[in-house]
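# Chain and residue survey
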Amino acid sequence: MKKLRSKMTTEELAESLGVARQTVNRWIRQQGWKTEGLNGVKGGRARLIHIDARVKQHIMSLPAIRNRQAVYHLAEVTASYSEPSSNLSPGIIETLESMTQPEQRRLDALLKREGIHGFLTRLGLTE
């Protein structure tokens, strides 16, 4: 399973996806992806791409990517889930514990595929 970091250069993203750097640059222009320059590299032409939900959605919409065996997802900061947070609603924990094993596996796959941000977006809970 390949992870896409939160910021990647055009070269890194192109290599990760198996496409040309020019293709990634075209996507940046066409899709209006958020980027930032890398000072002192290639006369200011190099840039970092912010790998957000829009970028991920575009990548996953590509037939060549969808048909691959690898699943691409955003790398997320890992958190400790062993101790329930005091401000986490007990109802959420209770609901998760009451799910069947197949439901838990499907939710786990969804979270791995979409990430927390994508999951909250699907629920309509984005800021």
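The structure we're discussing is the one just above.
Description of the structure in this document. (Residues numbered from 1 in each chain as written. Predicted model: local features only at pLDDT ≥ 70, side-chain atom pairs only at ≥ 80, totals over all residues. Heavy atoms only, no water.)

### Side note on the packing of helix H1 (residues 10–17) against helix H2 (residues 21–31)
Two elements in contact, H1 and H2, have axes separated by 8 Å at closest approach and are oriented at 110 degrees. With respect to their mutual orientation, H1 and H2 come out roughly perpendicular. Two packed elements cross with a definite hand, and for H1 against H2 that hand is right-handed. Along its contact with H1, which presents Thr 10, Glu 11, Leu 13, Ala 14 and Leu 17, the element H2 presents Arg 21, Val 24, Asn 25, Trp 27 and Ile 28. Looking at the contact of H1 with H2, its residues break down into six nonpolar, two polar and two charged. (Axes fitted to C-alpha atoms, helices over the stretch in contact; angles between N-to-C directions. Helix = DSSP H or I, 4+ residues; strand = E, 2+ residues; numbered from the N terminus. Parallel < 35°, antiparallel > 145°, perpendicular 65-115°, else oblique. Left-handed = near helix turned anticlockwise from the far one by under 90°. Contact = heavy atoms within 4.5 Å. Nonpolar A, V, L, I, M, F, W, Y, C, P; charged D, E, K, R; others polar.)

### Quick look at the pattern of salt bridges
Inspection of every chain in the model, using the stated rule, returns six salt bridges. In this structure, Arg 5 engages Glu 12 in a salt bridge whose closest nitrogen and oxygen atoms are separated by 2.6 Å. On the basis of relative accessible area, Glu 12 is assigned to the partly exposed category, the value being 32%. With its nearest N and O atoms 3.8 Å apart, the salt bridge here joins Arg 21 to Glu 11. Residue Arg 21 is found in helix H2, and its partner Glu 11 is found in helix H1; the two are separated by 10 residues along the sequence. Take Arg 21: its relative accessible area is 37%, and that puts it in the partly exposed class. Each of Arg 113, Glu 114 and Arg 122 takes part in salt bridges that share partners, so that together they form one network. (Salt bridge = Lys/Arg side-chain N within 4 Å of Asp/Glu carboxyl O. Buried < 20%, exposed > 50% of the residue type's maximum accessible area, 1.4 Å probe, protein only.)

### A word on the nonpolar core
General note: in soluble globular proteins, nonpolar side chains tend to be found buried as a group. Counting residues in each nonpolar core, the largest one holds 15 residues, and the members touching the most others are Leu 13, Val 24, Trp 33, Ile 49, Ile 51 and Ile 59. Looking at this core, the elements with two or more residues in it are H1, H2 and helix H3 (53–61). (Core = buried A, V, L, I, M, F, W, Y, C linked by side-chain atoms within 4.5 Å.)

### What to know about helix H6 (residues 101–122)
Look at H6: only 22 Å from first C-alpha to last across 22 residues, short of the 32 Å you get at 1.5 Å a residue. Maximum bend of H6: about 105 degrees, positioned at Gly 115. Looking at H6, one finds that the buried residues are Leu 107, Leu 110, Gly 115 and Gly 118. Positive backbone phi, at 75 degrees, marks Gly 124, one or two positions downstream of H6. (Expected span 1.5 Å × (residues − 1). Bend = angle between axes of the 7 residues up to and from the residue.)

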